[in-house]
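# An overview of the molecular structure
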Amino acid sequence: MPTEDKKPILPVEVDRDTYRRFDQRKNVFGRMLHDTGADFHKVGMYDLVKEIIGEDVEGYTHMDFARVRGAWAVYNHFHQAFCREGSTEANTVMEEVIPDRYEVEDKKKMSQQVKETAGIYGACKTGITKINHDWIYTHDMDGKPIHIPEGYKNAIVMLIKIDKEPLTASPSMVAGTENALGYSRMAFVIGCMAQFIRTLGYKAIPMGNDTALSIPLAVEAGLGEMGRNGLLITPEYGPAVKICKVFTDLPLDHDEPRDHGIARYCKGCKRCADTCEVDAISSEDEPSYRTVSESNNSGIKRWAVDVDRCYKFWVGNGGDCSTCISECIFTKSH
Ligand code: SF4
Ligand code: SF4
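Predicted model, so just to flag it, every value in this text is computed and none were measured.

This next bit is on the overall build of the protein. Tallying secondary structure elements over the protein gives 12 helices and six strands in all. A compact globule built from 334 residues would reach a C-alpha radius of gyration of about 20 Å, and the protein, at 20 Å, matches this within 12%. C-alpha atoms of the protein, sized along the principal axes, occupy 60 × 50 × 40 Å. In the protein, buried positions account for 53% of the 334 residues. Of the contacts made within the protein by residues no fewer than 6 positions apart, 77% connect residues no fewer than 24 positions apart. Here the protein displays about 15800 Å² of accessible surface, and carbon together with sulfur accounts for 52% of that area. Distance from the positive charge centre (41 side chains) to the negative charge centre (50 side chains) of the protein: 3 Å.

Here the focus is the state of the cysteines. Inspection of every chain in the model, using the stated rule, returns zero disulfides. The thiol of C192 is unpaired, and the distance to the nearest cysteine sulfur, on C244, comes to 11 Å.

A separate point is the pattern of salt bridges. Applying the stated criterion to the full structure yields 17 salt bridges. Where R25 meets D23, a salt bridge forms, and the shortest distance between an N and an O atom there is 2.7 Å. In this structure R25 comes out as partly exposed when scored by relative accessible area, which is 27%. Of the charged contacts in the structure, one is a salt bridge between K270 and D285, with a shortest N-O distance of 2.4 Å. Here K270 is found in the loop between α8 (262-268) and α9 (271-275), whereas its partner D285 is found in the loop between α9 and α10 (307-316), with 15 residues between them in sequence.

Before going further, it helps to examine the sheet that holds strand β2 (residues 154-161). Strand order in the open sheet formed by four strands is β1-β2-β6-β3, and the pairing between neighbours is antiparallel. Bordering the open sheet on either side are β1 (125-130) and β3 (204-207), each of which pairs with just one other strand. Averaged over all pairs of adjacent strands, the angle between strand axes in this sheet comes to 20 degrees, irrespective of strand direction. The pairing of β1 with β2 spans six bridges and is antiparallel. Note that in β2 the partner of K130 across the bridge is N154.

Looking now at the site of ligand 1. Neighbouring ligand 1 are the residues C276, V278, A280, I281, C310, F313, W314, C321, T323 and C324. A per-element tally of the shell around ligand 1 places α10 first, with three residues. For the shell around ligand 1, a count of residues per class yields nine nonpolar, one polar and no charged.

Procedures and definitions
Residues numbered from 1 in each chain as written. Chains lettered and ligands numbered in written order. Predicted model: local features only at pLDDT ≥ 70, side-chain atom pairs only at ≥ 80, totals over all residues. Heavy atoms only, no water. Helix = DSSP H or I, 4+ residues; strand = E, 2+ residues; numbered from the N terminus. Rg over C-alpha atoms; globule rule 2.2 N^0.38 Å. Buried < 20%, exposed > 50% of the residue type's maximum accessible area, 1.4 Å probe, protein only. Contact = heavy atoms within 4.5 Å. Areas by Shrake-Rupley, 256 points an atom, 1.4 Å probe, with all protein chains shown as cover. Lys, Arg positive; Asp, Glu negative; His and termini not counted. Charge placed at Lys NZ, Arg CZ, Asp CG, Glu CD. Disulfide = S-S within 2.5 Å. Salt bridge = Lys/Arg side-chain N within 4 Å of Asp/Glu carboxyl O. Pairing = 2+ DSSP bridges. Axes fitted to C-alpha atoms, helices over the stretch in contact; angles between N-to-C directions. Near = heavy atom within 4 Å. Nonpolar A, V, L, I, M, F, W, Y, C, P; charged D, E, K, R; others polar.

Dropping the structure here:
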């Protein structure tokens, strides 16, 4: 690893003059739905699937696509896991008696118990940070303004590990199945975590990619750093993780952002940029405030990814792409 530049890049550098909270409708999926000026407006990720599976190429067969769809099933159908309403209701599954509120006498111990519980449900790592309102979307995908009610102070940020072996088949539906499974596991974990917190007598809003930007929250919770490929890079699993979070009023201790040396390493490593088939990843040495797509929110120092190019490549593949995950040095090294 390069050692000459020891200056940490932490946690997320923001230019206060230009940074604005992001509208979720401006991310690539939001623009696909709402941005009539985008050349991928109304072009769904799987729109070309019928033609693609008709060619019966390995990794893109009808069987492969059926596996992808099966893997998305929990994520797609478990709407309650991604619902901001009903954040105080513990009795949604069984008509049990709910005990009195659990009194938290030791925030540090409670944080440890939350992390252990997240591990039981399937998170590979958990960090806790205060809710930074900079990262909350102004509006959701349907254009509804997002307001987090009073009292919510803490974000429990959980990582879901995805298996790096199937990702080596990227881009293909084989890798797509593993990605989709990651999202379905995420729905499972946040649903369980929210119910755990509500049963202790506290409020919980579970979320996947919705409601707030996951990567900066994960960085602030000490789980990793933002990499050249635009993803959270963790020291343990590289970028082979999905991020989910639960906002809560449960009293908890906070983790601190940590310098793992990852963003510094990215300055000298351009492997993801070299292997991306559509040159969507920057090869510039230094991160900057430059943006390359309307879906890059301004005012954040990073290597901006051309997500328009990336998304169109996904559509052309009949699914997604994970090459910049599987090829990352930090994925390969665990
Ligand atoms: S997902 Fe694929 S197309 Fe998109 S940036 Fe990564 S390597 Fe490039
Ligand atoms: S492949 Fe290299 S440059 Fe790209 S994110 Fe991983 S470590 Fe950083």
